[in-house]
Amino acid sequence: MVDESLIRVSSGDVLTVRVTGQPGRPQPMLHLLGPNGAQVAAAGNEEGTVAAVVEHRTATAGAYRVIVRPSNAAAGQNDVVTLAVTTPAGPQVRTLTIGGWRPRVLTSVQAGEHLVSTKMPESSSAAHILYVLSADGRTVLRRASGNGFSGGADLYLTAGLTGLTAVLATSGVSESASLARNDLSLSSYDSDGDGLGFKLEAAAGTCSSRQAIVRGVDCRQIPDLRDTDGDGIGDGLELLGSRTLSLPRWGANPRHKDLFVEVDFMRRTPAENAAATRLHMAPDVARRFAAHYGDRATVDAELKARHATTLANPDGLPGIAAHLDIGVTPQRRGDATVFGDWGGYSAVNAVRVGDKYQGQQAGQAWKTQMRAERRGIFRYALGYSGGGGQTGPGFTASYNFDSAFVATHETGHSLGLGHGGVYGLEPDVNCKPNYPSIMNYAFDSGTGFADGRIDEGPLLNNLSLRESGVAAGATPEFFDRMTTVFGYFVDRQHGDVDWNRDGEIAPPGTTVSAYANLALRGAGCEYTRWNRTRISEAHSTQAPALIRHADRWYTFLVAGAQVRYSTSTSSWLCPEPVPTGCQDGKWGTSQAANLPARGVTVDAVEAGTAARPVLLVVAGDNNRNMWQRRSATEGGRERWTPWTRLAGQVAVGSGPSLVRMADGAVRLFAVAPDGRYLMWRGSSAGIAGLAAPIATSDGRTLSRPAGSQFRPAAIVAKLAGRTGLYALFAGADDRADLWTLNIGTRRWQKTTLLDTRPGPITSAPAMAWVPPGRTGTQGTLHIAYIARPSKVVRMMTSHIQVTSTGKTQHVGHDVYFDNVWRSASGIDLLYEPGVTINVTAALSYANNAEIWFHPKADGINNNNYTNYDDWAVLKNEVCRGVVSPGGLVVNPIRC
Ligand SMILES: [Zn+2]
């Protein structure tokens, strides 16, 4: 740090400059430069004095430059000195601080080299000054200031300067800076065209040619010599920056992969436009984002080193360095390379689409919001407050920037990662237990990126899961996750995992089927959606009814005022797991079922014996009536009875819910106009007689609370060792309880099986019972329901909890059926032993009233799960997405 000041004088004036140091400290050095920049006088370095004095009679008028500097490198500390300048106008005296003098000897200077200084992290805005001094240090031969990139200095060298010393200084501040000699302008010295001469590249450890020997990288192998670390940003830009982009100051490193993102704010409403709302990613979110990409979730040094090798960082260090322009100035030490206000941030107005306003698409907004000179360097993101994100692979991302998890995860999508590993590799399965990654919904933001290790979990396939010894040799962290994230009963010593949650470890040599990705937290594991298929062109805002009868699938629904149905004769095995469609499944077009009054709700059941099955359909209308009709299929032809009205009245929309009993009889549930729950009895001949209220063992009659939208539902199942009729009735708080009928007393008892009471619920919960065998020794009860008011679909399942005191059956694990965004007006489940392999579902989607069939609603699919190495994907994609957005970069870096 030096002090420079300009003194204006006339020709012939006498200028006296005196600098007084302190006793015991090296004497300061004083230079006086004339208006043309050439030194006219100097003083200092005299033995035995503390003052340096220059007296000069000026030959020309103009601005003379006074330079006060430490005399040598030993004067490295801050020295306080006094400067007195006397002109004909009188004396001026001030104290100033100098220090940090680090001369560098220039060897073998070739004409045309540039001596350049670069602003480094935490540096100030003060301009850099470069000097070249004569051999005795008394003459300033060259000076340059602030003429380089971003406040750095750039001094052109000539051959005669060999052996002299160069010094980088700033005035008034000490500063983090680097000094380099760039030989790029010498003929053929920058053969790779990255803006760095080969000598500078050798000094910086970057590749200049295929023959170059560079520590940590094989220059013969990298895709583009201009980009040694393979992050898509050229070596010259990373080392020196550019006129407008202070990349080194923001933390760029040509030997370590960097990820620069401009994070703008997405206004989404006219109100935000009008209020000129300007929200930013919060500093702590930026820090945690950078920690994830920097691999700081990994603590094991050996693993970190392996990740660095995978990433091919020439400096051998792990992680990708993230640098976010969020329009917020750094708050504390260490922030400078993580985030800042680097001049790119803007708030982007919502745009009108049709009659609604919405946020601009990031894929469009960047073209106008991100400055052209950032193309090929920065990625672009639009953030907003709340919610999730919607990002695919590519250059842009948009997400809730209040959440470090969401920002990291969505950026991971833009960098080519799906929920189960590499994006686009189907099937991309969420919540794989053996893929511990922040890309996986099962895990929270404490999880970093996965690295594909086999000891993080064995190969898995939900159709055939080995339980005994399956995870022998797995890490303790694997078992920790199995218990805390998935709630599995494990035996760490033997490597056992109870995938089907039946409280038993299946013996060696056997396998079980289970939804192994059912994580107990997160936004939903999505594996229930695979092979989903549109049932018909019909639309409905009511729950569909799914049933099998006479070797056919039926889906009944209320579309408009009509009861309609579609049939399918497909097997719905769907051997290939794909997001939509099933190679051996299709539904026919829907047909009208001609209900005489305006239909509201419908349910269906197969009654009767295996030899003489009868399809029974009951519909509710908007006049408090219920209607039934039956079909006994003969020779493949449906033979329908007319609709007939049931006795009694019900609250509109409160039923029907039909259940088949073990003997082929049926029960029908609905709610009376006065709120009491009702049950009818029936058979293959239909529902007959009057309904009976639901009487409890303590002598009460169960009623639905006023304002409830809950429809009762029932199923025959074996729970807690007892086979019987189980039903869901909403209590006074509109949350459901699981009740069971005591055959002897004909009264209902509330069970204690539910871990949590679902509710409030709209429409009827759907239940399916999978008997012991396929999914375990205990059988599995599924309860799917529509939460009110969000209409999000959730599902609960029964499981055996193993504790030190024993095993108990529970119905719980109340999680999203698909994910938090899958909303529906209604759902039905169906499992038919011997016919279907999976629990299947029909849903009426809330957003578009379409009716879809989910043939694998239990998440059991024949598909191998592997762990995945996220770093191997990030290694390539950190480059690919950025190098030429929209094809707008000329001669982009090759990845
Ligand atoms: Zn995602």
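Residues numbered from 1 in each chain as written. Predicted model: local features only at pLDDT ≥ 70, side-chain atom pairs only at ≥ 80, totals over all residues. Heavy atoms only, no water.

Comments concerning the overall build of the chain
And then number 1: Within the chain one finds nine helices and 53 strands.
And then number 2: Counting all 895 residues of the chain, 57% fall into the buried class.
And then number 3: At a minimum sequence separation of 6, the contacts of the chain that also span at least 24 residues come to 61%.
And then number 4: Carbon and sulfur atoms provide 50% of the accessible area of the chain, an area that totals close to 35100 Å².
And then number 5: Positive and negative side-chain charges in the chain, numbering 86 and 80 respectively, have mean positions lying 7 Å apart. (Helix = DSSP H or I, 4+ residues; strand = E, 2+ residues; numbered from the N terminus. Buried < 20%, exposed > 50% of the residue type's maximum accessible area, 1.4 Å probe, protein only. Contact = heavy atoms within 4.5 Å. Areas by Shrake-Rupley, 256 points an atom, 1.4 Å probe, with all protein chains shown as cover. Lys, Arg positive; Asp, Glu negative; His and termini not counted. Charge placed at Lys NZ, Arg CZ, Asp CG, Glu CD.)

Structural notes on the environment of D814
And then number 1: Along the chain, D814 turns up in strand 49 (residues 806–816).
And then number 2: When residues no more than four places from it in sequence are discounted, the contact partners of D814 are T756, P758, Y785, R794, M795 and M796.
And then number 3: Within polar-contact distance, the side chain of D814 engages the side chain of Y785 at 2.6 Å. (Polar contact = N/O pair within 3.5 Å; in protein donor to acceptor, adjacent residues only side chain to side chain.)

Here we look at the side chain of D502
And then number 1: Relative to the elements of secondary structure, D502 occurs in the loop between strand 27 (496–497) and strand 28 (511–512).
And then number 2: One buried charge, D502, has no salt-bridge partner; the nearest side chain with opposite charge is K807, at 7.4 Å.
And then number 3: From its side chain, D502 meets the backbone nitrogen of E504 in a polar contact 3.0 Å long.
And then number 4: Within the structure, the side chain of D502 is placed 2.9 Å from the backbone nitrogen of T777, a separation counted as a polar contact.
And then number 5: Dropping the residues within four chain positions of it, D502 is found in contact with G776, T777, Q778 and I800. (Salt bridge = Lys/Arg side-chain N within 4 Å of Asp/Glu carboxyl O.)

Describing the state of the cysteines
And then number 1: As enumerated under the stated definition, the model contains four disulfides in all.
And then number 2: Disulfide pairing is shown between C207 and C219; the S-S distance is 2.0 Å. The S-S bond linking C207 to C219 shows a torsion near -85°; that makes this disulfide left-handed. Of this pair, C207 sits in the loop between helix 1 (198–204) and helix 2 (235–240) while C219 sits in the loop between helix 1 and helix 2, placing them twelve residues apart in sequence.
And then number 3: What makes C207 buried here is its relative accessible area of 0%.
And then number 4: Shown here for the chain is a disulfide pattern of 1-2, 3-4, 5-6, 7-8, where each number marks a bonded cysteine counted in sequence order. (Disulfide = S-S within 2.5 Å.)

As for the coordination of the zinc ion
And then number 1: Protein coordination of the zinc ion is provided by H409 (NE2), H413 (NE2) and H419 (NE2), with donor distances spanning 2.0 to 2.1 Å.
And then number 2: For the zinc ion, the donor residues sit on a single chain with the sequence spacing H-x3-H-x5-H. One end of the pair, H409, is in helix 7 (residues 404–414); the other, H419, is in the loop between helix 7 and strand 24 (460–461), and ten residues separate them in sequence.
And then number 3: For H419, a relative accessible area of 11% corresponds to the buried category. (Donors = N, O, S within 2.8 Å, 3.2 Å for Na, K, Ca; no water.)

Observations regarding the nonpolar core
One recurring pattern in soluble globular proteins is that nonpolar side chains are buried together.
And then number 1: Among the nonpolar cores identified, the biggest contains 39 residues, and L259, V263, M281, Y293, L324 and Y399 are the most heavily contacted of them.
And then number 2: For this core, the secondary-structure elements that each account for two or more residues are strand 16 (258–266), helix 4 (283–293), strand 17 (321–325), strand 23 (396–400), helix 7 and helix 9 (870–880).
And then number 3: No other element matches the five residues that helix 4 contributes to this core.
And then number 4: Apart from residues no more than four positions distant in its own chain, V263 is found in contact with M281, L324, D325, I326, Y345, A381, Y399 and F401.
And then number 5: Judged by nonpolar contacts, the second largest core, of 37 residues, contains L702, A713, W769 and L781. (Core = buried A, V, L, I, M, F, W, Y, C linked by side-chain atoms within 4.5 Å.)

Some thoughts on the domain arrangement of the chain
And then number 1: Structurally, the chain comprises domain 1 (3–98), domain 2 (258–414) and domain 3 (527–861).
And then number 2: Distance between the C-alpha centres of domain 2 and domain 3: 45 Å. (Domains from an automatic or database assignment.)

A look at the pairing of strand 47 (residues 780–787)
And then number 1: Taken across its eight residues, strand 47 has eight buried, putting it largely inside the fold.
And then number 2: Burial of strand 47 is two-sided: the residues T780, H782, A784 and I786 facing one way and the residues L781, I783, Y785 and A787 facing the other way are all buried.
And then number 3: Taken together, the five bridges between strand 47 and strand 48 (residues 793–803) define a ladder with antiparallel strand orientation. Residue pairing for strand 48: I783 is matched across the bridge by M796. (Pairing = 2+ DSSP bridges.)

A few points about unusual backbone geometry
And then number 1: Note the cis peptide between G655 and P656, where omega equals -5°.
And then number 2: Between G759 and the following residue, P760, the backbone shows a cis peptide bond with an omega angle of -10°.
And then number 3: If you trace the backbone, P760 turns up in the loop between strand 45 (747–750) and strand 46 (761–770).
And then number 4: Positioned with a positive phi, W572 is a non-glycine residue whose angle comes to about 55°.
And then number 5: Here W572 is to be found in the loop between strand 32 (562–568) and strand 33 (591–592).
And then number 6: Residue W572 is classed as buried on the basis of its relative accessible area, which comes to 3%.

Focus: the environment of V890
And then number 1: Tracing the backbone shows V890 in the segment after helix 9.
And then number 2: In the structure, V890 is positioned 548 residues away from W342 in sequence and 24 Å away in space, judged by C-alpha atoms.

Things to note about the packing of helix 5 (residues 301–311) against helix 9
And then number 1: Relative to each other, helix 5 and helix 9 sit at 35°, their axes nearing to 8 Å. Considering how the two elements wind past one another, helix 5 and helix 9 form a crossing that is right-handed. Between helix 5, through H307, T310 and L311, and helix 9, the contact on the second element is made entirely by W871, A872, L874 and K875.
And then number 2: In terms of residue class, the contact of helix 5 with helix 9 is built from four nonpolar, two polar and one charged. (Axes fitted to C-alpha atoms, helices over the stretch in contact; angles between N-to-C directions. Left-handed = near helix turned anticlockwise from the far one by under 90°. Nonpolar A, V, L, I, M, F, W, Y, C, P; charged D, E, K, R; others polar.)

Comments concerning the packing of helix 4 against helix 7
And then number 1: Interhelical geometry of helix 4 versus helix 7 gives an angle of 45° and a closest axis separation of 9 Å. With respect to helix 7, the axis of helix 4 lies oblique. Where helix 4 crosses over helix 7, the handedness of that crossing is right-handed. In contact with V285, R288, F289, H292 and Y293 of helix 4, helix 7 contributes A404, A407, T408, T411 and G412.
And then number 2: A per-class count over the contact of helix 4 with helix 7 returns five nonpolar, four polar and one charged. (Parallel < 35°, antiparallel > 145°, perpendicular 65-115°, else oblique.)

Some points on the sheet that holds strand 15 (residues 177–182)
And then number 1: The strand order across the open sheet built from three strands is 13-10-15, with neighbouring strands paired in antiparallel fashion. The open sheet is flanked by strand 13 (154–156) and strand 15, the only strands paired with a single partner. When strand polarity is set aside, the average angle formed by the axes of neighbouring strands in this sheet is 15°.
And then number 2: As paired elements, strand 10 (residues 114–119) and strand 13 share three bridges and run antiparallel to each other. Each residue of the ladder has a partner; that of L115, found in strand 13, is L155.

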